[in-house]
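# Residue-level structural notes
Here's the letter readout for the chains.
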Amino acid sequence: MTKKPEFAPETLALARKLMKRYPEGKHKSALIPILHLAQAEFDGWLSPETMDYVAAILNIQPIEVYEVASFYSMFNLKPVGKCHLEICRTSSCWLMGAEDVVAHISKKLNIKEGETTPDGMFTLKTVECLGSCGTAPVMQVGATYFENLTLEKVDQLLETMKSEGKRRSYTDKVQSSNI
Amino acid sequence: MSRKLLLEHDHVPGINTYAVYRQMNGYASVEKALKSMTPETVLEEVKKSGLRGRGGAGFPTGLKWSFLAKPPGVARYLVCNADESEPGTFKDRYLMERIPHLLIEGMITSSFSLGARTSYIYIRGEYYYVANILEKAIEEAYANGWLGENILGSGFSHDMHVQIGAGAYICGEETALLESLEGKRGNPRIKPPFPAIAGAWGCPTVVNNVETIAAVVPIINEGGEAYSKIGIGKSTGTKLISASGHINKPGVYEIDLGLPVEEFIYSDQYCGGIKGGRTLKAVVAGGSSVPILPAELILKTAKGEPRLMSYESLGDGGFLTGTMLGSGGFIVMDDTTSIVKNLYTFARFYHHESCGQCSPCREGTGWMEKILHKILDGHGTLADVDLLWDIQGKIEGKTICPLGEAAAWPVAAAIRHFRAEFEEYVTNPQSIKDVKHYYRLHNLQPA
Ligand SMILES: Cc1cc2nc3c(=O)[nH]c(=O)nc-3n(C[C@H](O)[C@H](O)[C@H](O)COP(=O)(O)O)c2cc1C
Ligand code: SF4
Ligand code: FES
């Protein structure tokens, strides 16, 4: 990203509104919610420039943003594909075949965990329990939980995502899941 | 079973909207509390109910509330713990997604009792879409006069906000949660002071689980005494159980505490038995942190009595032959399951989630993961099994928060009850090839 990051006016207004949710002088509490907005608006990851920009909005030191952004696993400090495929690997999902899902996607997209397809469409990642153990195995892509996965379902989903070609973010407005 | 208290209306179409929720007697507890009760009498009912925290520790809620410091002129807060990251647990998500107003109602009634002018629902980042559902419900509550200034003309005013996390199991620990709420890394604080004295922004704060707060609604509507009559002994009321793994009907079930475990697993009303007609090998009854039990000990206590779904019965026998109710994350494993590999997923989880402040936890979790990896890789020795046992025993009681212990207990229990399986893997590495998915250790494709 060469351009200096700057929120769209609506996002900036939302960020300013979030900062008012806390007691007087405690607006730093809005850091994590605002980082989510930033990650969604600036290509799915938090570059140093983006984090500096967020620090400026909150009027805090950049280091206060870096230390938080690096602590939480949902913040990407490197570019990721438009669709970040996050597959749960913990007990219940493992019991229900999550590893087959990971192996299948890995083979199909020809990438290993942590890698991104050359077209920048998909990044593959395994994550810890998503709170969807009763509908295992499960994969999160942006705001959406895809549950009770089968290899056929995965094939279809990848096709749909690819043909849509759009970035999926946690902040997307989605309907309820299928639990 | 008897009537459901929390999920009674979970299948009513539109129950996630204000209009339908209100039709189903929604917000009655707020009306009752604000119009005919005082903060003290609400607390009395919660005490009488015998309600215990549903987040995992089972601490009596009324007692916790009564510890809240009330220095004049200082704000107090109620913070709802919706971090729900304990593997095997998904009940809070279900409740919030289906019946968001139930949580909001419980938050208002509880805040009235605690004298909290503002409350926050801290929800794990992965549940972003659920946060949006809650935000919408909160808007509806404001629009209908249940939030804001001078609610129902009672003089009680209240504001409520949703606070989103960003992926960190440790933020479910209440002091880490408060750090995160303040816009910091989720590093647990040293206690004391407890949140009841110095919590959010240094102010007295009560942190309660989603289900705990929701349970306040039926307690106020029907009275603490009526609630206390449900359940068994000191395990009063109903409990949401998240059931997953090798069962026919995974899902969230509301049970009366005291239900026999056997009925829960095999009855068609609940889990519906083991998938594919296989046999039960083991159960993790209360989320990943609690000791795993083999079939014979989860169905019956060491004394041969039927094991019940209650704090006391699941705990019967201590950690030698018992376990804990914990968060109610009930993971069922059939006879094909590798206990060692399951343990490896837990060990990897705790290593990933350790915040890193204490050496026994930071180093111990990593070490245990590595040894389990080595064993599953076919290079383990008997000495490694002993080493695992040794390491887990050196974490407990030596850390700032209980995550270290939560990581140690599953290791101890797996070795205690399934030592033979560990020994088989190290003396006959060929046997590991029978483990489902063993190839994944090497990032290989299935054969
Ligand atoms: C590592 C760790 C993770 C925890 N995760 C959660 C959680 O996700 N949800 C929760 O309600 N409580 C969790 N707890 C328990 C909380 O610290 C706290 O006891 C609880 O929120 C109190 O609410 P309750 O009394 O209503 O159960 C966790 C505790 C520890 C040590
Ligand atoms: S026990 Fe582990 S998670 Fe808890 S404070 Fe120490 S290092 Fe952090
Ligand atoms: S174990 Fe995968 S969602 Fe819980």
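Residues numbered from 1 in each chain as written. Chains lettered and ligands numbered in written order. Predicted model: local features only at pLDDT ≥ 70, side-chain atom pairs only at ≥ 80, totals over all residues. Heavy atoms only, no water.

Our focus in this paragraph is the overall build of chain B. For chain B, the helix and strand inventory stands at 18 helices and 13 strands. For a compact globule of 447 residues, the expected C-alpha radius of gyration is about 22 Å, and chain B comes in at 22 Å, within 12% of that figure. On the principal axes, the C-alpha backbone points of chain B span a range of 75 × 45 × 40 Å. Restricting the contact set of chain B to residue pairs at least 6 apart, pairs at least 24 apart contribute 69%. Carbon together with sulfur atoms contributes 55% to the accessible area of chain B, which is approximately 15,600 Å² in total. Side chains of chain B give 44 positive and 49 negative charges; the mean places of these two sets differ by 1 Å. (Helix = DSSP H or I, 4+ residues; strand = E, 2+ residues; numbered from the N terminus. Rg over C-alpha atoms; globule rule 2.2 N^0.38 Å. Contact = heavy atoms within 4.5 Å. Areas by Shrake-Rupley, 256 points an atom, 1.4 Å probe, with all protein chains shown as cover. Lys, Arg positive; Asp, Glu negative; His and termini not counted. Charge placed at Lys NZ, Arg CZ, Asp CG, Glu CD.)

Around ligand 2, a shell composed of 13 residues is seen, among which B:Cys355, B:Gln357, B:Cys358, B:Cys361 and B:Cys401 lie nearest. Considering only residue class, the shell around ligand 2 consists of eight nonpolar, five polar and no charged. (Near = heavy atom within 4 Å. Nonpolar A, V, L, I, M, F, W, Y, C, P; charged D, E, K, R; others polar.)

Our next topic: the sheet that holds strand E4 (residues 144-146) of chain A. Residues and elements named next belong to chain A. Here four strands make up an open sheet; going across it, the order is E2-E1-E3-E4 and the pairing mixed. Both outer strands of the open sheet, strand E2 (122-127) and E4, are each paired with one neighbouring strand and no more. The mean inter-strand angle of the sheet, taken between neighbouring strand axes irrespective of direction, is 25 degrees. Both strand E1 (residues 83-88) and E2 contribute to a ladder of six bridges, which runs parallel. (Pairing = 2+ DSSP bridges. Axes fitted to C-alpha atoms, helices over the stretch in contact; angles between N-to-C directions.)

Take the pattern of salt bridges next. All names here are of chain B. One pass over the full model with this rule turns up 37 salt bridges over all chains. As a salt-bridge pair, Glu 173 and Lys 191 come within 3.6 Å of each other at their nearest N and O atoms. On the criterion of sequence distance, the pair formed by Glu 173 in the loop between strand E3 (159-164) and helix H8 (174-181) and Lys 191 in the loop between H8 and strand E4 (205-209) is long-range, its members being 18 residues apart. We note a salt bridge from Glu 182 to Arg 189, for which the minimum N-O separation is 2.9 Å. Salt bridges sharing partners connect three or more residues here, namely Arg 54, Lys 91, Asp 92, Glu 211 and Lys 239. (Salt bridge = Lys/Arg side-chain N within 4 Å of Asp/Glu carboxyl O.)

With that settled, consider the confidence of the model for chain B. Residues and elements named next belong to chain B. With 97% of its residues at a pLDDT of at least 70, chain B reaches an overall mean of 95. For residues 443-447, every residue scores under 50 in pLDDT, and the model assigns this stretch nine contacts once sequence neighbours within four places are set aside. Predicted as a complex, the structure gets a pTM of 0.97 and an ipTM equal to 0.97. (pLDDT = per-residue confidence, 0-100.)

Residue and element names in this part refer to chain B. Strands sit in the order E8-E7-E13-E10-E11 across an open sheet of five strands; the sheet is mixed. At either end of the open sheet lies a strand with only one pairing partner, and these are strand E8 (251-256) and strand E11 (292-294). Taking the axes of each pair of neighbouring strands and ignoring which way they run, one obtains an average angle of 30 degrees across the sheet. As paired elements, strand E7 (residues 238-245) and E8 share six bridges and run antiparallel to each other. In the sheet register, Thr 238 faces E8, and the bridge partner there is Asp 256. Across the sheet, helix H5 (residues 91-98) is in contact with E7 and E8; its angle to E7 comes to roughly 115 degrees. Packed on one face of the sheet, helix H18 (residues 403-427) meets strand E10 (280-284) and E11 and runs near 40 degrees to E11.

With that out of the way, let us pick up the domain arrangement of chain A. Taken domain by domain, chain A consists of domain 1 (9-71) and domain 2 (83-164). For domain 1 of chain A and domain 2 of chain A, the distance between their C-alpha centres works out to 29 Å. (Domains from an automatic or database assignment.)

With that settled, the discussion passes to the environment of B:Pro291. All names here are of chain B. As for its placement among the helices and strands, Pro 291 is situated in the loop between E10 and E11. When the C-alpha positions of Pro 291 and Ser 228 are compared, they lie 28 Å apart, and in sequence the two are 63 residues distant. Contacts of Pro 291, omitting those with residues within four sequence positions, involve Val 283, Phe 319, Gly 322, Thr 323 and Ala 413.

Residue and element names in this part refer to chain B. A cluster of nonpolar side chains, Phe 59, Leu 63 and Phe 67, forms an exposed patch at the surface whose accessible area comes to about 280 Å². Within the fold, Phe 59 resides in the loop between helix H3 (39-49) and helix H4 (61-66). Taking relative accessible area as the criterion, Phe 59 reaches 38% and is therefore assigned partly exposed. (Patch = residues over 30% accessible without salt bridge, like charges linked within 9 Å, V, L, I, M, F, W, Y side chains within 5 Å. Buried < 20%, exposed > 50% of the residue type's maximum accessible area, 1.4 Å probe, protein only.)

Turning our eyes to something else, we now look at the packing of aromatic side chains. All names here are of chain B. Per the counting criterion, the structure on display carries 25 aromatic pairs over all chains. Arg 52 extends its terminal NZ or CZ atom over the ring of Tyr 311, reaching a point 4.0 Å from the ring centre. Above the plane of the ring of Tyr 127 lies Arg 124, whose end atom (NZ or CZ) is 5.3 Å from the centre. (Phe/Tyr/Trp six-rings, centres within 6.5 Å; stacked < 30°, edge-to-face > 60°. Lys NZ or Arg CZ within 6 Å of the ring centre and 35° of its normal.)

To continue, consider the nonpolar core. Residues B:Leu103 and B:Ile123 are the most contacted members of the largest nonpolar core, which totals 164 residues. With 27 residues, the next largest nonpolar core counts B:Ile247, B:Leu257, B:Val283 and B:Met309 among its residues. (Core = buried A, V, L, I, M, F, W, Y, C linked by side-chain atoms within 4.5 Å.)

Residues and elements named next belong to chain B. Burial runs high along E4: five of the five residues are buried. On E4, burial covers both faces: Thr 205, Val 207 and Asn 209 on one face and Val 206 and Asn 208 on the other are all buried. Relative to E4, strand E1 (residues 77-82) runs parallel, the two sharing five bridges. Residue pairing across strands places Tyr 77 opposite Thr 205, the latter belonging to E4.

Okay, the site of ligand 1 next. Residues and elements named next belong to chain B. Close contacts around ligand 1 come from 18 residues, with Gly 55, Asn 81, Asn 208, Asn 209 and Thr 212 the closest. Here a nitrogen atom of ligand 1 and a backbone polar atom of Gly 172 are 3.2 Å apart. Within the complex, 89% of the 610 Å² of free accessible area of ligand 1 lies under protein. Tallying contributions element by element places E4 first for the shell around ligand 1, with three residues. In terms of residue class, the shell around ligand 1 is built from four nonpolar, eight polar and six charged. (Polar contact = N/O pair within 3.5 Å; in protein donor to acceptor, adjacent residues only side chain to side chain.)

What follows deals with the side chain of B:Glu369. All names here are of chain B. Position of Glu 369 among the secondary structure elements: in helix H16 (residues 359-376). Here Glu 369 is buried and forms no salt bridge, its nearest opposite-charge partner Arg 348 lying at an N-O distance of 5.5 Å. Residues in contact with Glu 369, not counting those within four places in the same chain, are Tyr 344, Ala 347, Arg 348 and His 351.

Turning next to unusual backbone geometry. Across the junction of A:Ala136 and A:Pro137, the peptide omega takes the value -5 degrees, indicating a cis bond. Locating A:Pro137 in the fold gives a position in the loop between E2 and strand E3 (139-141). The omega torsion of the bond from B:Lys191 to B:Pro192 falls at -10 degrees, within 30 degrees of zero and hence cis. Relative to the elements of secondary structure, B:Pro192 occurs in the loop between H8 and E4. Residue B:Asn150 is not a glycine yet carries a positive backbone phi of 45 degrees. Taking the relative accessible area as the measure of exposure, B:Asn150 reaches 41% and is therefore partly exposed. The backbone of B:Trp201 shows a phi angle near 50 degrees, a positive value even though the residue is not glycine.

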